[in-house]
Amino acid sequence: MAGVVTIKIFASLLHWAKEPQVQIPLEGPTPLQSIVEGLRIPEEEVAVVIRNGKQVKLDIEVEPGDTVSLFPVIDGG
Amino acid sequence: MGGSNRKLTEADSFEGFQNNRYFRQLILPGVGEEGQKKLAHAKVLVVGTGGLGSPVLYYLAAAGVGTLGIVDDDRVDVTNLQRQILHWEKDLGRGKTESAGEKLRAFNSTLTYHLYPERLTEGNAETLIVNYEVVVAAVDNRETRRILNQTCYRLGTPWIDGGIREYSGTVTVYVPPRGPCYECIHRTHAARPASPIPLLGALPGVIGSIEAMEAIKLILSIGIPLTGRVLMYDAWAGRFEEFIPAENPGCAICSQAGE
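Residues numbered from 1 in each chain as written. Chains lettered and ligands numbered in written order. Predicted model: local features only at pLDDT ≥ 70, side-chain atom pairs only at ≥ 80, totals over all residues.

Caption draft 1: Main features of the overall build of chain A. Scanning chain A for helices and strands turns up two helices and seven strands. Its helices and strands in sequence order give chain A the pattern β-α-β-β-α-β-β-β-β, from N to C terminus. Its C-alpha radius of gyration of 12 Å places chain A within 12% of the 11 Å reference for a compact globule of 77 residues. The dimensions of chain A, computed from C-alpha atoms along their principal axes, are 45 × 25 × 15 Å. By the burial criterion, 34% of the 77 residues in chain A qualify as buried. Residue pairs in contact within chain A that sit at least 24 positions apart in sequence constitute 58% of those at least 6 positions apart. (Helix = DSSP H or I, 4+ residues; strand = E, 2+ residues; numbered from the N terminus. Rg over C-alpha atoms; globule rule 2.2 N^0.38 Å. Buried ≥ 20, exposed ≤ 12 C-beta atoms within 10 Å, placed from the backbone. Contact = placed C-beta atoms within 7 Å.)

Structure follows, in C-alpha cells:
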C-alpha cells in the first residue's frame, strides 16, 4: 500500500540531509538503508535509529506510515 | 514570598535561614521536610564540571544535596567560558574542581564538597563511586561512560547520563540491575575521534538541568524516573522526543547485574 515514511534527522546528520524532517513516498516496504543513502547520510554516522518510538537497527524495512528518527552519536558534555 | 527577601544576619537562626532558603521546595508536594532531610543526607558524585556539570552542580547545590563529589582533571580554558558557567574569566588556567568548589561554597556554604582533581578511569572508578548513592555523568566521551556503566552496574549504583551535540541533547537514567544499560543502547557505535563539538551554551543548560532533576527524583523516590527510556531534545525544532531503547538479552553488563 502506497504512502509516505516520515524521516526525522537530528544534530550533525543535518550536515548531509539539510532538512530536519522529510516525507518520502513509498510504494511498499522499503529498506531503510536505501532511504538513508538517498538522503546522502553516511551509514556510519547513524548511531541510533528509532521507528515508531522504538529503537531498531538500520538494516530494517520501513513501511508507509512509519516515522523514523535518525541520530548521530550525542556524546559531548 | 515567605519573608525571604533579606540578607541573613547574625540574629537569624541557622534553622530559620535553612527553612527560608528551601521554602519553595518545603511547600512542594513530594519534597517537604522529609524530602529536604533526604536531600541533606544524600551523596551525589558528579563526573565532569564542564557544560553539563555546571548546571548539574548548581542545581544539586541549590536544592541542598548534602554531599557533592566533583571529579575532573581538566583546567579552565577560554573556549570553555561560553557554556561552562561554573568557570569565570578569573579562573583561566585553574583546575576545574578547584574553580567549581569555590563557586559552590559561595553559593551554598552549608553543604560538603569533595573535590577529586583526577580523571575517572577503570583503576579509580570503584573507589570514587562506592561512597555515593547516585552518580551523574557530565562527561564528553564514550570511554568514561562505559567505565561508569560497568562500575555502577557492578556496585548497584544508579547513574544518569546526558549527552550534547550541536542542537541535540539526550538524557537517560540507569538503575541497576534493570536494563537496558548504556552498553545495550550504544553497542553499535563506532568510537569517534575527539574533536571540538559545536554547540551553544544553553544546550548543556537544558540537558544538565534535566540530569539534576532526575538525580533529585531518585534521591526522593518521587515521580517517574527516566529509566528504560531515552529522552531526546531537538533544540533546532524546539521539541522533545523519547524512545524505548532496544534490550540486549546477551548484554555482558546488565543481563548479569541482578544475578
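What follows picks up the thread again.
Caption draft 2: Spotlight on the overall build of chain B. If you tally the helices and strands in chain B, you get nine helices and eight strands. In terms of overall dimensions, chain B is globule-like: its C-alpha atoms have a radius of gyration of 18 Å, near the 18 Å expected for 259 residues. Viewed in the frame of its principal axes, chain B has a C-alpha envelope of about 60 × 40 × 40 Å. Within chain B, the proportion of its 259 residues that are buried is 43%. Long-range contacts, defined as pairs at least 24 residues apart, comprise 68% of the intrachain contacts of chain B with a sequence gap of at least 6.

Caption draft 3: Structural view of the interface of chain A and chain B. Opposite the 19 residues of chain A that make contact, chain B presents 32 residues. Where the side of chain A that touches chain B is concerned, the elements lending two or more residues are β5 (54-56) and β7 (67-71) of chain A. Sort the elements by how many residues they give to the side of chain A that touches chain B and β5 of chain A lands first, with three residues.

Caption draft 4: Spatial organisation of the pairing of strand β4 (residues 134-137) of chain B. Residues and elements named next belong to chain B. Residues Val134 and Val136 of β4 are buried on one face, and the alternating residues Val135 and Ala137, pointing to the opposite face, are buried as well. Relative to β4, strand β1 (residues 43-47) runs parallel, the two sharing four bridges. Bridge assignment links valine 44 to a residue of β4, and that residue is valine 134. Of the pairings in the sheet, the one linking β4 to strand β5 (residues 159-165) comprises three bridges and is parallel in character. Bridge pairing in β5 places alanine 137 opposite aspartate 161. Handedness of the β-α-β unit built from β4, helix α7 (residues 142-155) and β5 comes out right-handed. (Pairing = 2+ DSSP bridges. Right-handed = clockwise from strand over helix to strand, strands pointing away.)

Caption draft 5: Broad picture of the sheet that holds strand β1 (residues 3-9) of chain A. Residues and elements named next belong to chain A. Sheet architecture is open: five strands sit in the order β2-β1-β7-β4-β5, paired in mixed fashion. The open sheet has two edge strands, β2 (21-26) and β5, and neither has a second partner. Mean inter-strand twist for the sheet, computed between neighbouring axes without regard to direction, equals 30°. Direction of pairing for strand β4 (residues 48-51) relative to β5: antiparallel, over a ladder of three bridges. Pairing of isoleucine 50 across the sheet is with glutamine 55, part of β5. (Axes fitted to C-alpha atoms, helices over the stretch in contact; angles between N-to-C directions.)

Caption draft 6: Representation of the nonpolar core. Ranked by internal contacts, the top residues of the largest apolar core, which has 83 residues, are Leu70 of chain A together with Val44, Leu57 and Val135 of chain B. Residue contributions to this core peak at eight residues, all from helix α9 (residues 202-220) of chain B. For leucine 70 of chain A, the contacting residues outside a window of four places in its chain are Ile7, Ile9, Phe10, Leu13, Val36, Ile41, Val46 and Val49 of chain A. (Core = buried A, V, L, I, M, F, W, Y, C linked by C-beta atoms within 7 Å.)

Caption draft 7: Broad picture of the environment of leucine 86 of chain B. Residue and element names in this part refer to chain B. The residue leucine 86 is located in the loop between β2 (67-71) and α5 (96-107) in this model. What makes leucine 86 buried here is the crowd of 26 C-beta atoms within 10 Å. Measuring from C-alpha to C-alpha, the distance between leucine 86 and glycine 53 comes to 8.5 Å, with 33 residues separating the pair along the chain. If we skip the residues at most four places from it in the chain, leucine 86 touches Thr49, Ser54, Leu57, Ser99, Ala100 and Lys103.

Caption draft 8: Seen up close, α9 of chain B. All names here are of chain B. Across its 19 residues, α9 extends 27 Å between first and last C-alpha, which sits within 8% of the 27 Å expected from 1.5 Å per residue. Those residues of α9 not exposed but buried are Leu203, Pro204, Ile207, Gly208, Ile210, Glu211, Ala212, Glu214, Ala215, Ile216, Leu218 and Ile219. The first or second residue beyond α9 is serine 221, which carries a positive phi of 55°. (Expected span 1.5 Å × (residues − 1).)

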